[in-house]
Amino acid sequence: MTDFDDSLINTNEKILNIGTTGLTAAAFDYFELKDVIRPAIGKIGSNVSIDNPEIVQALVMQVLSVPYQSLYGTAEFFQDKPLSALLGVENVEFEDLNRVNLARCLDEVYNFGPERLFLRCAKQVAIKLGAQIKECHIDSTSLHYDGKTREEEGVDLLLDKGYSRDGHPELNQINHLQICDAVTKIPFFFKSVSGHIHDKTSFKNLLIDDMPVLKKEFSELKYLVGDSALCTEPIAKVAIAHGINYVSRIPDAYELSKECFAYAKEHKAEFEPIEPDAPDSPKALWCPDGELAGQKIKRLLVQNEILSDQKRHTLTKKAEKELDSSRKKLEKLRTQPCKCKADAEASLNKIINKLKFCTVSDINYEDILGFKGKGRPKKNAAREVIAVAVTAKIEISENKLEQAVQEGSYYVVCTNDVERKWTKKDLLGIYKRQSVVERNWKCFKDRKIMVSSLYLKTPHRISALMWIFSLAMLIYTATEYLIRKRMDEEKLSIPSPDHKEQQERPTLMRLYQYISNSNICLYICPDSGIVKLLNMRSSLAAVFSALGDKWYQYYTIGLYHRTYLG
C-alpha cells in the first residue's frame, strides 16, 4: 500500500500568486494605456489568442515584479499567475507569451516608432494625473550589451563601444536619453542612440528633431534643465532658434566659469547661504551676466562647503600621484643629462608647465665635462661641456592644493532666461531637481533590469525593448506619485522593513517589497465553487481602497470569481 491515496487529491485546485502584478494591471486600467497602444500596434494575427497590448502589459508586469526575474523566462514567470484576470482576456495561457509572439510584438513597436508611441502613452498618463508639465529635465545613461555589434539596414541604432556609466567599458553600449517632469517625475520622452554618440551631440539632435513636437504636445513647457553636456554653444544656438529656456551647469573648463572663479576671489565676502534660515545650506554669489552663442545668460556661482573635505581627499591623492610621477621625470634629467643647457631648460619647463599641485625649487644646472668626438682624445685635449644635468626639489604646494579644493567646491549654474526675477534658491533649486532622472535609473539599474535583459540580437528589437523599459518606468513613477498622494490625503502608512516605524511616503519599491513579502495569493477550487484571497494585510487593503475600484479589484475576490467560476 502506498503512503497516500492520490484519488483524494483535487487536481482542479489552484494556488495563484498575485503579488505586484495586480498593481501594474490596475495602473494599465487606470491610465487607460491599452486604449492608447491598441490603435498603434493592434493585433498580432487572427490565429493568435493574445493581442500586442496585452503582451506589452504582461512584459511590464514582469519588469515591475519583485523579486525581479529576467525577461528571458516570461512564459514561465506567468505559470502561477492569474493571467486571464490580470490581462482581461479569456482563456489566455502562459504558453501564449512565447518568444515568437514577444518578438513579433517588438517588431510592431519598432515599425510604429518607439518614441512616437511613448509620447502618446506619456501624454495620456499626464492627463490622468492632471500634470501641467512646465519644467523638464534631460539626462542620459548607458547600458551594456553582451552580444556583438550589429548593423541593420534602415536602423540608425548601433550598439558600439562608448563611455560606460555602468562599469563595463569593454562591452558594447547603447545610450538611453530621457526627459522627465520635475513635479510628478514621470518620463514623457525617451530616445535610444548608438553607444558611441556623445551627449553633446545627442542632446543637440534631440532639440532639433524632437523639441518642437514636445512643445506642441505640452504647451506649458517652459524650462529644459540638464547637466554640463547641455551647456554648449551649438546647443545654445538651437535653443535660441526654438525659443527654449534652459538651465544648466557651465563646464568648469569654460572661460565663462573661470571668469566666475576669478570674480569669487574679489567678492568672497559676498557669498550668502541659499537659505538664510539654514546656515549650512550651500552659499552662492551672483556673477555678472555672460554670453553664450550671442545670447546673454545669467550666472550663479555656488559653493558647497560640505563637499570640501571630500574634494580635499580626492585632490590630495591626485597631488601625491603627480609628485611621484614628476620626481621620476626630474630624476631622469639628472641621470640622463641633456646635450646643452637650452635643452635642459626646455625639458624642465615641460615638466613644470604640466604641474597642477606641485612646485619646483632649488633648480641647479650642472655641466658634465668630457671629450667630444669618438675614440681616444688627443694629447693635451681640453675637456668641454658635453651634457647638462638638472637637479631640483619638488614638493606639493599647499596653496595650490587649497585653491584647487576651493575651486572644486565651486560650480556655475546658468540660464538664458534673463528676464525672470530669479532668486538664488529658485535657480539652484530648478537645477538640483535634475536628480529626478537619475533617481529613476538608479531604481531600475539597481535591480539589473535593463542590463541583464538585453538578450535580443537585432538593433531594432533592442530599440523596442527600450520602449518596454521606458513604459515600465513611466508606470512606476506615475503609480508612486498617485499612491503617495492618496496616502497623504487618507493619512495612510505601511511599516518600514524592520516594522519599527510607519512610512507615510514610501517609495514604490518599498511598497512592492511589502506586497511581495506578504505573499498575496488566490485559492481557487472550481469543483466546490470556492475562491479565496490569502494573506491580504489590512494596511495594503487600505492603500488599494484609497486608490479606487480600478486598483482595489485586483486584490478582492470578485474579479477572480467572475473570471474563473463564471
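Residues numbered from 1 in each chain as written. Predicted model: local features only at pLDDT ≥ 70, side-chain atom pairs only at ≥ 80, totals over all residues. Heavy atoms only, no water.

Trainee: Explain the layout of surface pockets to me, please; I cannot follow it from the model alone.
Mentor: To find leftover empty space, one rolls a probe the size of a water molecule over the atoms. The computed volume of the largest pocket comes to approximately 370 Å³. Looking at the largest pocket, it is lined by 17 residues, and the ones nearest its centre are Glu115, Asp156, Leu157, Lys191 and Ser192. Those elements that place two or more of their residues in the lining of the largest pocket are helix H7 (114-129), strand E4 (187-194) and helix H8 (199-209). Looking at the lining of the largest pocket, the element that brings in the most residues is E4, giving four residues. Partitioned by chemical class, the residues of the lining of the largest pocket number seven nonpolar, seven polar and three charged. The calculated volume of the second largest pocket comes to roughly 300 Å³. Around the second largest pocket, the lining comprises 16 residues; the ones closest to its centre are Lys14, Ser84, Val92, Glu93 and Tyr564. (1 Å grid on protein atoms, 1.4 Å probe; cavity = no way out; pocket = protein on both sides within 12 Å on 5 of 7 lines; lining within 4 Å. Points joined across faces, edges and corners; volume = space filled by probe spheres on them. Helix = DSSP H or I, 4+ residues; strand = E, 2+ residues; numbered from the N terminus. Nonpolar A, V, L, I, M, F, W, Y, C, P; charged D, E, K, R; others polar.)

Trainee: Which parts of the structure should I look at to understand the side chain of Ser470?
Mentor: With respect to the helices and strands, Ser470 occurs in helix H18 (residues 459-490). At a separation of 3.2 Å, a polar atom in the side chain of Ser470 contacts the side chain of His176. Ignoring anything within four residues of it in the chain, the contact list for Ser470 reads Phe118, His176, Pro187 and Phe190. (Polar contact = N/O pair within 3.5 Å; in protein donor to acceptor, adjacent residues only side chain to side chain. Contact = heavy atoms within 4.5 Å.)

Trainee: I would appreciate a short explanation of the nonpolar core in the present structure.
Mentor: Buried together is how nonpolar side chains tend to be arranged in soluble globular proteins. Among the nonpolar cores identified, the biggest contains 131 residues, and Leu23, Val56, Trp467 and Leu471 are the most heavily contacted of them. Not counting residues up to four positions away in its chain, the partners in contact with Leu471 are Phe28, Ile37, Val56, Val60, Phe118 and Cys121. With 14 residues, the next largest nonpolar core counts Val225, Val247, Trp422 and Tyr431 among its residues. (Core = buried A, V, L, I, M, F, W, Y, C linked by side-chain atoms within 4.5 Å. Buried < 20%, exposed > 50% of the residue type's maximum accessible area, 1.4 Å probe, protein only.)

Trainee: What is the right way to read the sheet that holds strand E1 (residues 14-17) from this model?
Mentor: The pairing of strands in a sheet comes from backbone hydrogen bonds and takes either a parallel or an antiparallel form. Across the sheet, three strands lie side by side as E1-E15-E16; this open sheet has antiparallel pairing. Both outer strands of the open sheet, E1 and strand E16 (530-534), are each paired with one neighbouring strand and no more. Across this sheet, the average inter-strand angle for adjacent strands is 20°, counted without regard to direction. Here four bridges tie E1 to strand E15 (residues 521-525), and the two strands are oriented antiparallel to one another. Bridge pairing links Asn17 to Cys521 in E15. Here helix H22 (residues 557-565) sits on the sheet in contact with E1, E15 and E16, set at roughly 145° to E16. (Pairing = 2+ DSSP bridges. Axes fitted to C-alpha atoms, helices over the stretch in contact; angles between N-to-C directions.)

Trainee: How should I be thinking about the packing of aromatic side chains in this particular structure?
Mentor: Centre distance and the angle of the planes are the two values used to describe a pair of aromatic rings. Tallied over the entire structure, the rule returns 12 aromatic pairs. Arg116 extends its terminal NZ or CZ atom over the ring of Phe112, reaching a point 4.1 Å from the ring centre. When the ring centre of Phe218 is taken as origin, the NZ or CZ atom of Lys123, which lies over that ring, is 5.9 Å away. (Phe/Tyr/Trp six-rings, centres within 6.5 Å; stacked < 30°, edge-to-face > 60°. Lys NZ or Arg CZ within 6 Å of the ring centre and 35° of its normal.)

Trainee: Please clarify how the pairing of E16 should be interpreted in this entry.
Mentor: Residues Val531 and Leu533 of E16 are buried on one face, while the alternating residues Ile530, Lys532 and Leu534, pointing to the opposite face, are not. When E15 meets E16, the two strands line up antiparallel, connected through five bridges. Bridge pairing in E16 links Cys525 to Ile530. If you look at the hairpin formed by E15 and E16, you'll find four residues sitting between the two strands, and Gly529 has a positive phi there, around 70°.

Trainee: Mind showing me how you'd approach the packing of helix H2 (residues 33-41) against helix H3 (residues 52-63) here?
Mentor: Packed helices, taken two at a time, are described by the angle between their axes plus the distance between the axes. It is at 8 Å that the axes of H2 and H3 come closest, and there the two elements cross at 130°. Viewed along their axes, H2 and H3 adopt a mutual orientation that is oblique. At the point where H2 passes H3, the crossing takes the right-handed sense. Of the residues in H3, those touching H2 at Lys34, Ile37, Arg38 and Ile41 are Asn52, Pro53, Glu54, Val56 and Gln57. Split into classes, the residues belonging to the contact of H2 with H3 amount to four nonpolar, two polar and three charged. (Parallel < 35°, antiparallel > 145°, perpendicular 65-115°, else oblique. Left-handed = near helix turned anticlockwise from the far one by under 90°.)

Trainee: Any chance you could explain the packing of helix H6 (residues 99-112) against H18 here in plain terms?
Mentor: At a closest axis distance of 8 Å, the pairing of H6 and H18 adopts a crossing angle of 90°. On the basis of the axis angle, H6 is roughly perpendicular to H18. Residues Ala103, Leu106, Asp107, Val109 and Tyr110 of H6 form the contact with H18, whose own contacting residues are His460, Arg461, Ser463, Ala464, Leu465, Trp467 and Ile468. Classifying every residue of the contact of H6 with H18 by side-chain character gives eight nonpolar, two polar and two charged.

Trainee: Mind showing me how you'd approach helix H20 (residues 538-547) here?
Mentor: Since the α-helix turns once every 3.6 residues, residues separated by three or four places project in the same direction. By the burial criterion, the buried members of H20 are Ser539, Leu540, Ala541, Val543, Phe544 and Leu547. Residues of H20 that are buried sit in contact with helix H1 (21-30), H18, strand E13 (494-495), helix H19 (508-518) and helix H21 (549-552). Two residues or fewer past H20, Gly548 is found with a positive phi of approximately 115°.

Trainee: Explain the environment of Phe112 here, please?
Mentor: Locating Phe112 in the fold gives a position in helix H6. Taking relative accessible area as the criterion, Phe112 reaches 16% and is therefore assigned buried. Linking Phe112 and Ser142, residues 30 residues apart in sequence, is a C-alpha distance of 24 Å. Beyond its immediate sequence surroundings of up to four residues, Phe112 is in contact with Ala40, Ile41, Leu117 and Arg120.

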